[in-house]
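Per-entry structural report
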Amino acid sequence: VSAASPPIGAFREEAGALCVLDQRALPDEERWLSFAPGPPALDGVCLCIETLAVRGAPAIGGIAAKGLAWLARGTTTTTAAAFVAEQRAASARLLATRPTAVNLQAALDAVGAALAAAPSQEVDGLVAVVADAAAAVCAEDAAACAVIGGHGAVLLNDGDVVMTICHTGAIATCGQGTALGVVHSARAQQKRVSVFALETRPLLQGARLTAWECLKSGIPVTLLTDSMAAFALARHRVALAVVGADRIAKNGDTANKIGTYQLALACHHHQVPFYVAAPRTTFDAGCETGAQIPIEERHPDEVRRPRGQRGFAPADVPVWNPAFDVTPASLITGFITDVGILSASALSAALQRQDGAGRGLEQRRG
Ligand code: MRU
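Residues numbered from 1 in each chain as written. Predicted model: local features only at pLDDT ≥ 70, side-chain atom pairs only at ≥ 80, totals over all residues. Heavy atoms only, no water.

Helix and strand counts for the protein chain come out as eleven helices and 13 strands. At 20 Å, the protein chain has a C-alpha radius of gyration in line with the 21 Å of a compact globule built from 366 residues. Projected onto its principal axes, the C-alpha positions of the protein chain cover 65 × 55 × 40 Å. Looking at the protein chain residue by residue over its 366 residues, the buried ones come to 56%. Looking at the protein chain alone, contacts between residues at least 24 apart form 76% of all its contacts between residues at least 6 apart. For the protein chain, the computed accessible surface area is about 15,100 Å², with 54% contributed by carbon and sulfur atoms. Across the protein chain, the 30 positively charged side chains and the 33 negatively charged ones have centroids separated by 5 Å. (Helix = DSSP H or I, 4+ residues; strand = E, 2+ residues; numbered from the N terminus. Rg over C-alpha atoms; globule rule 2.2 N^0.38 Å. Buried < 20%, exposed > 50% of the residue type's maximum accessible area, 1.4 Å probe, protein only. Contact = heavy atoms within 4.5 Å. Areas by Shrake-Rupley, 256 points an atom, 1.4 Å probe, with all protein chains shown as cover. Lys, Arg positive; Asp, Glu negative; His and termini not counted. Charge placed at Lys NZ, Arg CZ, Asp CG, Glu CD.)

In structure tokens, the structure reads:
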């Protein structure tokens, strides 16, 4: 496994506070928000997810798990029953913050399952169970990112150019990233891979975060507006496109940042391979096709007044602002996962084998 050390994490724990890198302030400022144990941590994490201070499917899962752990750390409950009720209510609140990334559900389920299986009936013991479960969620995501990077790097050669959208690097996950993690791994193998980053309207995760992380990591990057993707594929030699995902249905249909579908169509036309990189926690065996994936719609002002700026559009023009789109499986060359690179049909078969007990992809053995 060739993982690069992430240049910075989405969140960190200090002695008395859960600290979150405020991604809204990037690239201008590396600003950290700090939350004390108990209700302030839960309130803070919910608000951070809703406002995209923390974003990116695996990072949302990781910080939600930490939110439960830091709520537990400051709990004033005195009985196991009250502690469990507090955790359940918090979990429901966290789940309601954003609807599309299934990693959030997976992380909350993992902590909930650990709590349900805990033998200890003392509150102190349960606090430790939640802390350990949250740490495991983050550690498993970091490990998955490293494995994804190793699998994906095999697809890249020295000198290749990769096109991507949104931001899928270190601060979108608990490790080195998914799609951008593939580039980090290839670079760690001394392959001189460079990136065409699409700016990713309306919130500019590509322009603000991918460009920032690439520059910080020494990865050559060229920024393009979203509308330049097709022409860039026509005029430049792009080895492949690789994107992240927020939820992948059983048939391989993939929800990811708005603009991904358009990029997949352009890649199809230009015969450029189009890969989705994601950990098992992004696969939803309970979702048959992309039509069942809930798509978040955000406030019209994100489109009318990008980053609060006036003059982009009439203040009252009607807007449709879906935060994600669904790319049909037929446009996806392969899925770079922590269990290997799978075609859509192999993915469907793997998800079919699951007994319905949970989300995610089973570990391939042997
Ligand atoms: O709205 P965002 O910024 O949370 O959307 C993020 C994406 O769409 C990413 O591509 C996806 O979550 C994968 S991050 C490794």
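Turning next to the confidence of the model for the protein chain. The predicted model of the protein chain has a mean per-residue pLDDT of 94, with 95% of residues at 70 or higher. Low pLDDT (under 50) marks residues 355–360, which in the prediction has 13 contacts with non-local residues, meaning those over four places away or in another chain. (pLDDT = per-residue confidence, 0-100.)

Another point: the site of the ligand. With respect to spatial proximity, 17 residues lie near the ligand, and among them Arg 55, Ala 57, Arg 98, Asn 256 and Lys 257 are the closest. Here an oxygen atom of the ligand and a backbone polar atom of Gly 56 are 3.0 Å apart. One of the side-chain N or O atoms of Lys 257 is found 2.7 Å from an oxygen atom in the ligand. When the free accessible area of the ligand is taken as 420 Å², the share hidden by the protein chains comes to 99%. Looking at the shell around the ligand, the elements with two or more residues in it are helix H2 (57–73) and strand E9 (254–257). (Near = heavy atom within 4 Å. Polar contact = N/O pair within 3.5 Å; in protein donor to acceptor, adjacent residues only side chain to side chain.)

If you walk across this open sheet you meet the seven strands as E6-E5-E4-E7-E10-E12-E13, and the pairing is mixed. The open sheet has two edge strands, strand E6 (221–224) and strand E13 (340–342), and neither has a second partner. Across the sheet, the axes of successive neighbouring strands diverge by a mean angle of 25 degrees, strand direction being ignored. (Pairing = 2+ DSSP bridges. Axes fitted to C-alpha atoms, helices over the stretch in contact; angles between N-to-C directions.)

Moving on to helix H4 (residues 102–116). Helix length check: H4 (15 residues) gives 21 Å between terminal C-alpha atoms against 21 Å at 1.5 Å per residue, within 8%. Buried within H4 are the following residues: Val 102, Asn 103, Leu 104, Gln 105, Ala 107, Leu 108, Val 111 and Leu 115. On its buried side, H4 packs onto H2, helix H3 (80–95), helix H5 (123–153) and strand E8 (247–248). (Expected span 1.5 Å × (residues − 1).)

Once that is clear, we can look at the sheet that holds strand E1 (residues 11–13). The antiparallel open sheet is built from three strands, whose spatial order is E1-E2-E3. Here the strands that pair on one side only, and so sit at the sheet edges, are E1 and strand E3 (32–35). Across the sheet, the mean angle separating the axes of adjacent strands is 20 degrees when strand polarity is ignored. Inspection of the sheet shows E1 paired to strand E2 (residues 18–21) by three bridges, in the antiparallel sense. If you follow Phe 11 over to E2, its bridge partner there is Val 20.

A few words on the pairing of strand E10 (residues 274–277). The alternating pattern of E10 places Phe 274 and Val 276 on one face and Tyr 275 and Ala 277 on the opposite face, and all of these are buried. Pairing of strand E7 (residues 240–243) with E10, which is carried by three bridges, proceeds in the parallel orientation. By the bridge assignment for E10, Val 243 is matched with Val 276. Examined bridge by bridge, E10 and strand E12 (residues 334–337) share three bridges and lie parallel to one another. When the sheet's bridge partners are listed, Ala 277 is paired in E12 with Ile 336.

On to the side chain of Ser 91, then. Structurally, Ser 91 is set in helix H3. On the accessibility criterion, Ser 91 (17% relative accessible area) is buried. If sequence neighbours within four positions are ignored, Ser 91 has contacts with Leu 68 and Leu 108.

Interhelical geometry of H3 versus H5 gives an angle of 30 degrees and a closest axis separation of 9 Å. Judged by the inter-axis angle, H3 sits roughly parallel to H5. The crossing of H3 and H5 is right-handed. Contacts between H3 and H5 involve Ala 80, Phe 83 and Gln 87 from the first element and Val 123, Leu 126, Val 127 and Val 130 from the second. Looking at the contact of H3 with H5, its residues break down into six nonpolar, one polar and no charged. (Parallel < 35°, antiparallel > 145°, perpendicular 65-115°, else oblique. Left-handed = near helix turned anticlockwise from the far one by under 90°. Nonpolar A, V, L, I, M, F, W, Y, C, P; charged D, E, K, R; others polar.)

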